Amino acid sequence: MSREISSDEFHRALHSLRVWDTPLPGFDPEDAPGEPVGLFREWFVQAVGAGQVEPHVMSLATVDGAGRPDARVLMLHDVDERGWHFATHATSAKGVQLAGQRAAALAFYWPAVGRQVRVRGRVAACGPQESRADLAVRSRGALAAALTGRQSEVLGSREELVRASTAAWERAGAEPDAPAPTWTRYVLDADAVEFFQGDTARRHVRLRYRRTPDGEWVRELLWP
């Protein structure tokens, strides 16, 4: 049975926290490349080198049919000239929302280096061949999860999940090429990408890349 936490205990824990008590890297926006993918890759590698835990984990924000925002955490699969890649079931809540409204946003936070990256744009679903290839390079557990399916549906009991997951794990071991028809790879084609470098004096650096109607990138500084 979980222990009830009082309001005082919660606030003591909350207000005891500090941000960026260690030295942070510098960032001169004048040295930034002309497009955001190159800078994202550079910052990502630097976050890995700084020991950031799970730097490939990001928040994905979408909207439902009523215009209500939704957000969840998932993994980045790639970044290239097409955009930021991730995958999920087309029948999941986020898959359904993306089918109805392609506009979405991503957010990365790397506290080890005091940095965050925000990405906004439109999402497109990749074809069946690319989606299957995405799953093929992942682990048996990832395939088993995909084969279990029914993501975001109401679950009747924990035992029901255990039975379905056990069967999926067995199938993933016996059939490493087993199809998961609803598994879909998506790519977010960015029209705005913001790079935020934290500063202990709170003079944070914010550099935004904004794509113009003719496809060119414009760089602009933002007030922190």
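Treat the numbers as computed from the prediction; the structure is a model and nothing was measured.

Parameters and conventions
- Residues numbered from 1 in each chain as written.
- Predicted model: local features only at pLDDT ≥ 70, side-chain atom pairs only at ≥ 80, totals over all residues.
- Heavy atoms only, no water.
- Axes fitted to C-alpha atoms, helices over the stretch in contact; angles between N-to-C directions.
- Helix = DSSP H or I, 4+ residues; strand = E, 2+ residues; numbered from the N terminus.
- Parallel < 35°, antiparallel > 145°, perpendicular 65-115°, else oblique.
- Left-handed = near helix turned anticlockwise from the far one by under 90°.
- Contact = heavy atoms within 4.5 Å.
- Buried < 20%, exposed > 50% of the residue type's maximum accessible area, 1.4 Å probe, protein only.
- Phe/Tyr/Trp six-rings, centres within 6.5 Å; stacked < 30°, edge-to-face > 60°.
- Lys NZ or Arg CZ within 6 Å of the ring centre and 35° of its normal.
- Core = buried A, V, L, I, M, F, W, Y, C linked by side-chain atoms within 4.5 Å.
- Pairing = 2+ DSSP bridges.

Two measures define how a pair of helices packs: the angle their axes make with one another and the distance between the axes. At a minimum axis distance of 8 Å, the contact between helix H5 (residues 140–148) and helix H6 (residues 158–174) shows a crossing angle of 125°. One finds that H5 runs oblique with respect to H6. Crossing handedness for the pair H5 and H6: right-handed. Mapping the contact onto sequence places Arg140, Gly141, Leu143, Ala144, Leu147 and Thr148 in H5 and Leu161, Ala164, Ser165, Ala168, Trp169, Glu170, Arg171, Ala172 and Gly173 in H6.

Buried within H5 we find Ala142, Leu143, Ala144, Ala146, Leu147 and Thr148. Of the surrounding secondary structure, the elements contacted by the buried residues of H5 are strand E4 (83–89), helix H4 (128–136), H6 and strand E7 (183–197). Immediately downstream of H5, the backbone of Gly149 shows phi near 65°, a positive value.

Moving on, we get to the packing of aromatic side chains. All told, the structure shown has 12 aromatic pairs when counted by the stated rule. For the pair Trp20 and Phe196, a centre-to-centre distance of 6.3 Å together with 40° between the ring planes defines the contact as tilted. Pair noted here: Trp20 is in the loop between helix H1 (7–15) and helix H2 (36–49) and Phe196 is in strand E7, with a separation of 176 residues, a long-range link. Aromatic side chains Phe44 and Trp110 sit 6.1 Å apart centroid to centroid with 75° between the ring planes, which places their arrangement in the edge-to-face category. With Phe44 in helix H2 and Trp110 in strand E5 (residues 103–110), the pair connects residues that are 66 residues apart, well separated along the chain. We classify Trp110 as buried; its relative accessible area is 0%. The structure contains a cluster of three or more aromatic residues connected by ring pairs, namely Phe27, Trp43, Phe195, Tyr209 and Trp217. The aromatic ring of Trp43 is capped on one face by Arg115, whose charged end is 4.1 Å from the ring centroid.

Phe40, Trp84, Phe108 and Val117 are the most contacted members of the largest nonpolar core, which has 30 residues in total. Elements supplying a minimum of two residues to this core: H2, strand E1 (57–63), E4, E5, strand E6 (115–125), E7 and strand E8 (205–211). Ranked by size, the runner-up nonpolar core spans 11 residues in total, among them Leu143, Ala146, Leu147 and Ala178.

Relative to E6, E5 runs antiparallel, the two sharing 8 bridges. If you follow Phe108 over to E6, its bridge partner there is Val117. A loop of 4 residues connects E5 with E6, the two strands running antiparallel in sequence, and Gly114 in this loop sits at a positive phi of about 65°. Pairing of E6 with E7 involves 11 bridges; the strand directions are antiparallel. Pairing of Arg115 across the sheet is with Gln197, part of E7.

Looking now at the pairing of strand E9 (residues 217–222). Bridge count for E8 against E9 is 6 bridges, and the pairing is antiparallel. Following the sheet pairing, Arg210 is matched in E9 by Val218. Taking the residues between adjacent antiparallel strands as the criterion, E8 and E9 are bridged by 5 residues, where Gly215 takes a positive phi near 90°.

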